[in-house]
Amino acid sequence: MTSLKQMFSTQTRRMASLSPWIYRINAGSCNGCDVECATTALIPRYDVERLGCQYCGSPRHADIVLITGPLTARVKDSVLRVYDEVPEPKVTVAVGVCPISGGIFRDSYAVLAPLSKYLPVDVNIPGCAPRPQAIIEGIAQAIAIWRERL
Amino acid sequence: MIESLYTPLAMLIFPGGLFALALGLSLKGLDRRLAARLQGRVGPPLAQPFYDLVKLAKKRTMVPDTACQPVFLGAPLIGAVAMALAAALVPIAGFYTPDPLLGDLLVLLYLLTVPAVVLMIAGSASGSPFGAIGFSREMAMMLAYEGPLVLVVAAVAMRTGLGQGGLVSFSLPEIIAYQQTHGAFLFDPLLWPALAAFLAFYPANLGIIPFDIPEAETEVLEGPLLEYSGPALGLFKIMSALKAVVVLGLGVALFYPIAPDGIAGLAVHLVKLIALMLIGVSVVRVSCGRLRIDQAFRFFLKWPLALAVLSLACVALA
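(A) Structural context of the overall build of chain A. Each helix and strand counted, chain A has five helices and five strands in total. Starting at the N terminus and ending at the C terminus, chain A contains elements arranged as α-β-α-β-β-α-β-α-β-α. Across its three principal directions, the C-alpha atoms of chain A cover 60 × 30 × 25 Å. The contacts in chain A between residues at least 6 apart in sequence include a share of 83% that link residues at least 24 apart. Distance from the positive charge centre (16 side chains) to the negative charge centre (13 side chains) of chain A: 2 Å.

Put into structure tokens, the structure is as follows:
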């Protein structure tokens, strides 16, 4: 009986991990990484839908959160609020060098990077902007982390 | 004993409930796969909609502070149950005839409006401005496509009724039996305008491009579904999967229910549903852009309505 229950839970976890839905938050990005995410890495050419990924319009539907940009002071509260709207379990991915260190904006008074001071970041994808292949690899790693959390 | 179990079983297991859900999710999987192939990519696994449902069952449901909780959580349940019941009302030619006590075509018409009403209620109960926009768009769409649908159904019912020597027949088994002896309505020129109107109606009812205006994710962030997460969102996915089976099944019953008896009838029915889904949904949605709400509204009150009226007039006069 317990083994049956265990098998059921591992099976449902395996199936659930095949359906990671993605939501993007722009935390004051220059739009370079957003272009890489939205129009290069996650479009038909590289087809992350075969991993089960789907872009969702609402943070409440999301499982994996991609955050771009150096977290400017002006958007900080909004970013944290939208991040809280994503239901658990979730995985956070920082895309580009900006959320990691601030990148070329690191000395600005208006920039609060690194992002990990405010949010638990699970995967970093460095680059300015990262290559589509790097973003897809980052998402694949995020899926592996997400499977553990389910 | 067996007789009293028949109706609940029809709603819960076959052909409503579990069977219709599995069928609807498989149809969605096929649709996503074909859409991906048409766009030159590999696409998700065929079982992707099942994975999505399991995932949603494991997530947390969040209720916004501004939402009215009982309505917010009750709406998706009502929608899913109504569609499970509707799926039990759609006959499968040669294989399954619904109990006349359950209801006829008119009950089915009423049940078909439930998902749209439920989405409207959900959108307004969520307390989100995007939900409110989704609400108003859903209502406009419903006003636009319900009229043509009722007239299409009336035309088919009248054709059957007049053919049988009566006036109208709103019984789906009678409509199917009439077509099996007199030939399918698909090949009846009097009903071609009605068929065209029906072909315009069902993308709007299923909420696919070019008529996915209430849930347009790039404009109103999925509108009424914006605030839903976890199992509650899963119930909406179940509702839409069941709705696909009901609407496509209704189309098959109204226009081309020619099928052999027995298990072969079921197989033929499945093939028809798959063909209708792939040709009528996948190909349409990858080859169109989304219309604006006013364009869609005007379109429905112009062409499908006119075609349905034309068909009804032809049937009445012939």
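(B) Spatial organisation of helix 8 (residues 192-206) of chain B. Residue and element names in this part refer to chain B. Taking 1.5 Å of rise per residue, 15 residues should cover 21 Å, and helix 8 covers 22 Å from first to last C-alpha, within 8% of that figure. The buried count for helix 8 comes to 12 of 15 residues, which makes it a mostly enclosed element. For helix 8, every residue scored as buried is listed here: Pro193, Ala194, Leu195, Ala197, Phe198, Ala200, Phe201, Tyr202, Pro203, Ala204, Asn205 and Leu206. Where helix 8 is buried, its residues meet helix 5 (105-125), helix 6 (129-163), helix 10 (230-255), helix 11 (263-287) and helix 12 (293-317).

(C) A look at the environment of Ile143 of chain A. Tracing the sequence through the fold places Ile143 of chain A in helix 5 (residues 132-149). C-alpha of Ile143 of chain A to C-alpha of Ala27 of chain A: the two residues are 116 residues apart in sequence and 22 Å apart in space.

(D) Representation of the packing of helix 2 (residues 17-38) of chain B against helix 10 of chain B within the structure. Residue and element names in this part refer to chain B. Packing of helix 2 against helix 10 leaves a shortest axis separation of 8 Å and a crossing angle of 90 degrees. The angle between the axes of helix 2 and helix 10 places the two elements in the roughly perpendicular class. Contact residues: helix 2 offers Gly17, Ala20, Leu21, Leu23, Gly24, Leu25, Leu27 and Lys28, while helix 10 offers Ile238, Ser240, Ala241, Leu242, Val245 and Leu248. For the contact of helix 2 with helix 10, the residue count by class is 10 nonpolar, three polar and one charged.

Cut-off values and rules
Residues numbered from 1 in each chain as written. Chains lettered and ligands numbered in written order. Predicted model: local features only at pLDDT ≥ 70, side-chain atom pairs only at ≥ 80, totals over all residues. Heavy atoms only, no water. Helix = DSSP H or I, 4+ residues; strand = E, 2+ residues; numbered from the N terminus. Contact = heavy atoms within 4.5 Å. Lys, Arg positive; Asp, Glu negative; His and termini not counted. Charge placed at Lys NZ, Arg CZ, Asp CG, Glu CD. Expected span 1.5 Å × (residues − 1). Buried < 20%, exposed > 50% of the residue type's maximum accessible area, 1.4 Å probe, protein only. Axes fitted to C-alpha atoms, helices over the stretch in contact; angles between N-to-C directions. Parallel < 35°, antiparallel > 145°, perpendicular 65-115°, else oblique. Nonpolar A, V, L, I, M, F, W, Y, C, P; charged D, E, K, R; others polar.

All quantities given are derived from atomic positions and should not be read as evidence of function.
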